[in-house]
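Close look at the chain arrangement
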Amino acid sequence: EPEVTQTPSHQVTQMGQEVILRCVPISNHLYFYWYRQILGQKVEFLVSFYNNEISEKSEIFDDQFSVERPDGSNFTLKIRSTKLEDSAMYFCASSETRDGYTFGSGTRLTVV
Amino acid sequence: AQTVTQSQPEMSVQEAETVTLSCTYDTSESDYYLFWYKQPPSRQMILVIRQEAYKQQNATENRFSVNFQKAAKSFSLKISDSQLGDAAMYFCAYSATQGGSEKLVFGKGTKLTVNP
């Protein structure tokens, strides 16, 4: 069964450093998303991406965040200058239509 | 804005028994999708079941079924013959269909414990 692949599974970074989280969505999917989940809390929407541009973003997705689909297969989330409060599980998801989201297994980001 | 509410932070059930997890939502849309996701300790998000709002028939997937009450904006999940592997966080989620936002809106989750 097709799956969404995320790398790395766990990343530790120092505060102020830039991180790039990587995702390979399912190949025929058209919609791409990033969500985050701070430990013990609910899953929060960050950004959606369709037709090579951001279609929606939340108030969490400020100027420190950016997304790219550089080569038609990868979908990346960059955090420019990480803060302690960016520590969370980050999930990539993709969908062909609005009723079929598939999530990756997540990247656990720890900012120290 | 759409919201999803799960009023039970924690639930427990005996193995082989049945448990129902509650979810209510708020939307002004007439057509939308509702989902239940399972998140085991590995923290992966696994789709359990989905329901299209325009379908009156409640969705079922093996031991999992929903009670969808559109007028009451209620979407509960029933797990029959509970198994130890069902222990996890369960999240209810909503997404619009045509137009509007395609993002998933999640509830805060219900932690399900299955006792042997």
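This report concerns the structure included in the present document. Keep in mind it's a predicted model, so treat the numbers as computed, not measured.

All chains considered together, the criterion is met by 23 aromatic pairs over all chains. For the ring pair Tyr35(A) and Phe106(B), a centre distance of 5.9 Å and an interplane angle of 85° mean the geometry is edge-to-face. A residue pair is termed interchain when its members come from two chains, as with Tyr35(A) in strand β4 (residues 31–37) and Phe106(B) in strand β11 (residues 105–106). Phe106(B) matches Tyr35(A) in its accessibility class, with the two residues each being buried. Taking the centre distance of 6.0 Å and the plane angle of 35° together, the rings of Phe35(B) and Tyr37(B) count as tilted. Neither Phe35(B) nor Tyr37(B) differs from the other in exposure class; each is buried. Connected via pairs of aromatic rings, a cluster forms that spans Tyr33(A), Tyr35(A), Phe45(A), Phe91(A), Tyr101(A), Phe103(A), Tyr33(B), Phe35(B), Tyr37(B), Phe91(B) and Phe106(B).

Interfaces are often sized by the accessible area lost when the parts come together. Contacts between the two partners involve 23 residues from chain A and, on the opposite side, 23 residues from chain B. Interface area, chain A with chain B, both sides summed: about 2000 Å², of which 52% is carbon and sulfur. Counting across the chain A and chain B interface gives one salt bridge. Glu56(A) is paired through a salt bridge with Lys103(B); the nearest N and O atoms lie 3.5 Å apart. Across the contact surface, chain A and chain B share four residue pairs in polar contact (both at pLDDT 80 or more). Mapped onto the side of chain A that touches chain B, the elements with two or more residues apiece are β4, β5 (44–50), β6 (53–57) and β9 (88–95) of chain A.

Criteria and thresholds
- Residues numbered from 1 in each chain as written.
- Chains lettered and ligands numbered in written order.
- Predicted model: local features only at pLDDT ≥ 70, side-chain atom pairs only at ≥ 80, totals over all residues.
- Heavy atoms only, no water.
- Phe/Tyr/Trp six-rings, centres within 6.5 Å; stacked < 30°, edge-to-face > 60°.
- Helix = DSSP H or I, 4+ residues; strand = E, 2+ residues; numbered from the N terminus.
- Buried < 20%, exposed > 50% of the residue type's maximum accessible area, 1.4 Å probe, protein only.
- Contact = heavy atoms within 4.5 Å.
- Buried area = accessible area lost by both parts, 1.4 Å probe.
- Salt bridge = Lys/Arg side-chain N within 4 Å of Asp/Glu carboxyl O.
- Polar contact = N/O pair within 3.5 Å; in protein donor to acceptor, adjacent residues only side chain to side chain.

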